[in-house]
Amino acid sequence: MSLRARDMSLLLLLIMIYGLDGGEYDHGQVNLTLINKTIVVTISFTSGPTVTVLDNPEQLFCNSMERSCYIECSHLNLPKNYFKENTTFHLQKYNETNGRFHFSINGTSNCTVVDCLPHEVSQFLEIKAKNLNMPKDMRNILNIKRMCRDVIFHEDVLDTYIGVEKKAIHGIINMNFSGPSKTYYEEDLSINVVKINLSTTNDFVQIAAPGVFNFDKVADIQIPLEPFKNEKESKTGIVTYNSDQHLKFKAKNKVFTSKVIRIEVPGRDITNLSNLLNMSFKLDYTNDTSNYNLSCQFYDENGGKTWKTDGCNTTLISDNVVECYCNHMTPFAVLLIDLNDSISKKQWEILSYISYVGCCLSAFFSATTVLSFIFNSNARAEVSSSIHVSLSGALFLLNMSFILNEWAATLTAKEVCVFIAVTIHYSLLCSFTWMAIEALHLYLLLIRVFNIYIKYYMVKLSLIGWGVPAVIVGGLLSVHGIYGTTEMTFSDTNTTNKICWIRDLRVLYGVNISYFTIVFLFNLAILITVSRQIFKLRHEGNRHDKMPVWKDAGTVLGLMCLVGTTWGLAFFASGYTSYPILYLFCILNTMQGFYIFLWMCGTVRKNRARTPHSKTKSTLESSK
């Protein structure tokens with residue numbers, strides 16, 4: 001039977017609400033009914049919302065005006081047989097603020113209701129943190145997470161909740177008890193509090209991290225006595241989480257193989273230990289781990305609010321036991337790092353240098369292409385040149401934002417990283433779109449030579465090239481938390497590197513891969529059609545008019561770069577990490593702006609060498 005099931009003689013949870021302001025009272029009533037082991041509480045006022053609460057061992061649910069809410073009340077003295085029939089109490093509502101109101105039942109029990117909105121929940125947690133009443137508030141804080149689950153995972157609320165939960169845990173640890181240790185069990189976590197024996201000659205004290213439901217220990221912990229040598233008495237708490245999603249929320253691409261535990265000494269942050277903290281984790285991951293590295297990591301509460309490996313070493317003892325040695329005390333867990341999807345730190349550094357050099361060159365030549373177009377009136381008259389320049393502009397924006405990526409990830413201002421991530425994504429989608437437009441224009445010029453006039457042709461292409469990506473990115477930007485700082489883990493060192501990018505893998509693959517796949521298949525089909533046309537014209541042309549085969553092959557190769565078929569290497573780089581493919585991908589695609597510059601130069605040179613008898617010739621023909 002759960003802890004909350006044993007408390008069904010309460011109206012809800014135990015806590016007194018302090019600081020209620022006086023004012024006009026709004027009268028109403030509270031109806032309590034027991035239906036199949038579920039307490040149904042209906043709170044209604046003469047004016048204002050109606051609140052419905054369902055309380056049973058499996059759930060605690062609150063709804064106010066078709067919106068989820070959180071409710072807590074002080075103890076209500078009820079007769080033992082009050083559930084034999086429906087019970088009604090009178091209530092009086094005190095002052096009401098946006099998203100929160102207070103009322104009393106029969107003048108003895110005080111209650112509060114908070115709408116599950118980010119600002120309201122965050123503010124309520126901050127108020128509660130100022131006056132915690134243990135152990136009652138430990139239960140209430142856990143129920144805030146349960147009843148306002150979606151809001152707790154809101155970025156503006158999550159850090160506040162974790163901080164208040166930590167403060168409540170410290171309150172539990174500081175409670176007086178007899179004996180050397182005491183364990184407190186809740187539905188979401190257990191806390192094993194141990195009094196440190198400083199009279200011992202040992203360098204370590206052994207503590208077990210208990211389970212929550214089955215009471216089996218999940219880890220053996222050896223805590224060094226080094227930080228406590230100058231103290232008369234000290235307490236240490238070992239917290240084992242059963243419901244730990246709030247700590248895992250920012251580690252969406254990581255797999256946890258053990259329970260999350262937290263080691264706390266109230267009022268102190270213990271770091272830089274010379275005698276390392278030793279934790280032997282019992283693994284609860286049963287799948288094949290041959291393609292994974294096991295990694296001891298900690299939740300960085302004071303820094304990036306994510307999981308890191310700094311100061312921790314990992315040793316595999318057996319198939320189901322991993323030892324972690326760390327020089328600090330924080331929340332810990334053992335994670336699986338996918339070797340197929342990760343890259344070594346050394347290879348990352350080499351690829352980064354290649355990418356930065358390529359992006360700098362590409363950005364320079366893209367900017368040169370745009371400037372030459374602006375100051376060349378003949379180029380501005382050609383639709384093909386306008387399309388090339390638009391693609392160059394998108395690539396310039398992509399290269400510049402990529403160069404600033406890792407720098408922006410190190411800044412404390414999250415808005416800068418979000419801006420860079422949005423710019424990279426927008427310019428990437430714009431580049432893909434303009435590659436598709438290049439292919440479409442090539443098809444119209446070379447395959448449908450006649451009747452290709454389209455009114456406001458370039459205006460329509462610009463609306464597609466710049467507008468469609470703006471709609472997609474704008475829609476994603478409206479969803480909070482899609483863009484921002486994310487981390488990649490290196491396979492050889494288990495260390496992490498911050499980048500500004502899309503944080504949700506479903507969006508990353510669902511939008512980018514599907515979008516690029518459509519563009520790639522479209523461009524590939526047109527490239528094959530155009531290539532066949534080139535070699536068909538070669539066979540049908542006069543003998544003296546034929547050009548060398550290498551020139552036709554060079555033209556096709558140039559078109560491949562122009563329409564972005566080299567980006568198709570991404571399909572071969574997915575799944576297992578292939579370094580040759582990654583090197584080719586970085587070299588070829590970071591230099592795309594340079595290829596377009598060469599193409600434009602070749603086009604201008606050939607056009608100057610010819611008599612301008614036709615303005616409808618294609619870019620392909622003018623470059624031969």
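My aim in this report is to walk through the structure given alongside it, one point at a time.

## Overview of the nonpolar core
Counting 60 residues, the largest nonpolar core has Ile43, Ile71, Phe103, Met138 and Ile191 as the members making the most contacts within it. If one sorts the elements of this core by residue count, helix H5 (residues 155–173) sits on top with nine residues. With residues up to four places along the chain from it excluded, the contact list for isoleucine 191 reads Met138, Ile169, Ile172, Ile173, Lys182, Thr183, Tyr184, Ile238 and Val239. Membership of the second largest hydrophobic core comes to 55 residues, among which are Ala408, Trp501, Leu562 and Trp567.

## Some details on the state of the cysteines
A complete count under the given rule lists six disulfides for this structure. One disulfide bridge connects cysteine 116 with cysteine 148, the sulfur atoms lying 1.9 Å from each other. Given an S-S torsion of about -65°, the disulfide between cysteine 116 and cysteine 148 has left-handed geometry. Taken together, the residues span a long stretch of sequence, with cysteine 116 in the loop between strand S8 (109–115) and helix H2 (118–129) and cysteine 148 in the loop between helix H3 (136–147) and helix H4 (149–152) at a distance of 32 residues. A single burial state applies to cysteine 116 and to cysteine 148, both of which are buried. Between cysteine 417 and cysteine 500 runs a disulfide, and the two sulfur atoms are separated by 2.0 Å. Disulfide cysteine 417-cysteine 500: the torsion about the S-S bond is -120°, which places it as left-handed.

## Considering helix H7 (residues 345–374)
If you check H7, its first and last C-alpha atoms are 42 Å apart, about what 30 residues at 1.5 Å a residue would give, namely 44 Å. Buried within H7 we find Gln347, Leu351, Ser352, Ser355, Gly358, Cys359, Ser362, Ala363, Phe365, Ser366, Thr369 and Phe373.

## Let's talk about H3
The terminal C-alpha atoms of H3, which comprises twelve residues, lie 17 Å apart, in line with the 16 Å expected from a rise of 1.5 Å per residue. Taken across its twelve residues, H3 has nine buried, putting it largely inside the fold. Buried within H3 are the following residues: Asp137, Met138, Asn140, Ile141, Leu142, Asn143, Ile144, Lys145 and Met147.

Here is what the cut-offs are and how they apply
- Residues numbered from 1 in each chain as written.
- Predicted model: local features only at pLDDT ≥ 70, side-chain atom pairs only at ≥ 80, totals over all residues.
- Heavy atoms only, no water.
- Core = buried A, V, L, I, M, F, W, Y, C linked by side-chain atoms within 4.5 Å.
- Buried < 20%, exposed > 50% of the residue type's maximum accessible area, 1.4 Å probe, protein only.
- Helix = DSSP H or I, 4+ residues; strand = E, 2+ residues; numbered from the N terminus.
- Contact = heavy atoms within 4.5 Å.
- Disulfide = S-S within 2.5 Å.
- Expected span 1.5 Å × (residues − 1).

Everything listed here is a matter of coordinates, which is why it stays silent on function.
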